[in-house]
Amino acid sequence: MIPTVSVVIPCYNYERYVGLALDSVMRQRVAPLEVIVVDDGSTDGSAAVIRGFPGVRYIHQANAGHVAAFNHGYAESRGDIVLFLDADDVLEPEAVAEVISHWRAGAAKLQYELQVIDGAGDATGRVFCNYPAGYDSRAVREEFGRHGTYVWPVCTGNAYGRAFLDAVMPLSVKSAPDGLLNTVAPLYGDVVVVPRTLGRYRLHTQNQSYHGTGSSGMDVRFAKQIALRQGEFDALRAHAARLGAPLPAGNLLDQELVFLNYRLMVRKLGGRYAGDEADSVASLWRKSVALLWARPARLASRLSRLAWATVLALAPRALARALVQLRFNRAELFKRFRRHTAAPLGAA
């Protein structure tokens, strides 16, 4: 039997983007079973935009937050597979067809690549997750068994099986519902990896994961991300205990380069985070280097991450702050550079 797909779009004050998200769903080569938009009490023109798309099921709720909209959309959906599309992201025309063709019985979720775009929709030159060659379900199982984690994309890059969602929903987290789903998914079934770019992830100032603009307060934002991830790992251990599934011992934050990097940056910026008394710049650098060769990654990625961790660890605080600011504003800086170099000869 061919599985059916529900597309669920939680939306709050995304009048600027939600029409683009819906248009991308309407342009699918294989139409989903249903398209549900949960409007979380938007105060802009989002409702009018959504209602302008025939066939879309519009659900309004009093403002209760992204997680509540996520849960509400799931509860109203009927598909065998649920794809949660962020209202500021878009799908490529082949996305639903590829999800259906690659889906297999017993899978907890399917994931694919995302092109990273900026607020204006321009490509940044990055792909998320940029999977290493041969990264498939078996590689995910092996990596999860050794490290308690694996490589996964943000919300739009995932499609979840209803059996898995029925086992874990509704969610009670305060934010980032996809983070918890992706963290615990391997406990409930296979993770299917499609090494194709099937969506576009918009990185802009309203993203939870956005760390751009000025350097002031970046250490606080990184510390919040560290605390959020630690909460997801705590939930992972609780799920594993209920299922009788083994997990690696120790601090699972030590198994993710992103969070070793965040912890290193907070230390270099002079900030604090829960558990930082056990960390030093030197120990975080050593753990990063060891993990670079323990987890699957492309060689170019390994080398660039090694260079970054080493330079950051050795840099004095003022230089470290400038480097962190440069790293998280690089897309905008490159965009300005491209505009400047593309200007006609002799232009002001």
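Read on for a plain summary of the structure. (Residues numbered from 1 in each chain as written. Predicted model: local features only at pLDDT ≥ 70, side-chain atom pairs only at ≥ 80, totals over all residues. Heavy atoms only, no water.)

## Considering the overall build of the protein chain
So, point 1. Of regular secondary structure, the protein chain possesses 13 helices and nine strands.
So, point 2. Taken over C-alpha atoms, the radius of gyration comes to 21 Å for the protein chain, in line with the 20 Å a tight globule of 348 residues would show.
So, point 3. For the C-alpha atoms alone, the extent of the protein chain along its principal axes is close to 65 × 55 × 40 Å.
So, point 4. Counting only residues that meet the buried cut, the protein chain has 52% of its 348 residues in that class.
So, point 5. Across the protein chain, the fraction of contacts at a sequence separation of at least 24, relative to all contacts at a separation of at least 6, is 73%. (Helix = DSSP H or I, 4+ residues; strand = E, 2+ residues; numbered from the N terminus. Rg over C-alpha atoms; globule rule 2.2 N^0.38 Å. Buried < 20%, exposed > 50% of the residue type's maximum accessible area, 1.4 Å probe, protein only. Contact = heavy atoms within 4.5 Å.)

## Observations concerning the side chain of Glu34
So, point 1. Counting through the fold element by element, Glu34 comes out in strand 2 (residues 34–40).
So, point 2. Reaching out from Glu34, the side chain makes a polar contact with the side chain of Ser6 at a distance of 2.5 Å.
So, point 3. Those residues in contact with Glu34 that lie beyond four places of it in its chain are Val5, Ser6, Val7, Glu76, Ser77, Arg78 and Gly79. (Polar contact = N/O pair within 3.5 Å; in protein donor to acceptor, adjacent residues only side chain to side chain.)

## Considering the environment of Tyr12
So, point 1. Checked against the element boundaries, Tyr12 lands in the loop between strand 1 (5–11) and helix 1 (15–26).
So, point 2. Separated by 35 residues in sequence, Tyr12 and Ala47 have C-alpha atoms that sit 9.6 Å apart.
So, point 3. Beyond its immediate sequence surroundings of up to four residues, Tyr12 is in contact with Asp40, Gly41, Ser42 and Asn63.
So, point 4. Reaching out from Tyr12, the side chain makes a polar contact with the side chain of Asn13 at a distance of 3.4 Å.

## Quick notes on the packing of helix 9 (residues 257–269) against helix 10 (residues 281–294)
So, point 1. Orientation of helix 9 relative to helix 10, taken along the N-to-C sense of each, is 160 degrees, at an axis distance of 10 Å. Put simply, helix 9 runs roughly antiparallel to helix 10. Helix 9 and helix 10 meet at a crossing whose hand is left-handed. Here Leu257, Leu260, Arg263, Leu264, Arg267 and Lys268 of helix 9 come into contact with helix 10, specifically with Val281, Leu284, Lys287, Ser288, Leu291 and Leu292.
So, point 2. For the contact of helix 9 with helix 10, the residue count by class is seven nonpolar, one polar and four charged. (Axes fitted to C-alpha atoms, helices over the stretch in contact; angles between N-to-C directions. Parallel < 35°, antiparallel > 145°, perpendicular 65-115°, else oblique. Left-handed = near helix turned anticlockwise from the far one by under 90°. Nonpolar A, V, L, I, M, F, W, Y, C, P; charged D, E, K, R; others polar.)

## Considering the nonpolar core
Where a protein is soluble and globular, its nonpolar side chains tend to be buried together.
So, point 1. Residues Phe84, Phe164, Leu165, Met169 and Leu181 are the most contacted members of the largest nonpolar core, which totals 61 residues.
So, point 2. At eight residues, helix 9 tops the list of elements feeding residues into this core.
So, point 3. If we ignore the near neighbours within four places in the chain, the residues touching Leu165 are Tyr74, Val82, Phe84, Tyr160 and Leu181.
So, point 4. Listed in part, the 37 residues of the second largest apolar core include Leu83, Ile100, Leu110 and Leu198. (Core = buried A, V, L, I, M, F, W, Y, C linked by side-chain atoms within 4.5 Å.)

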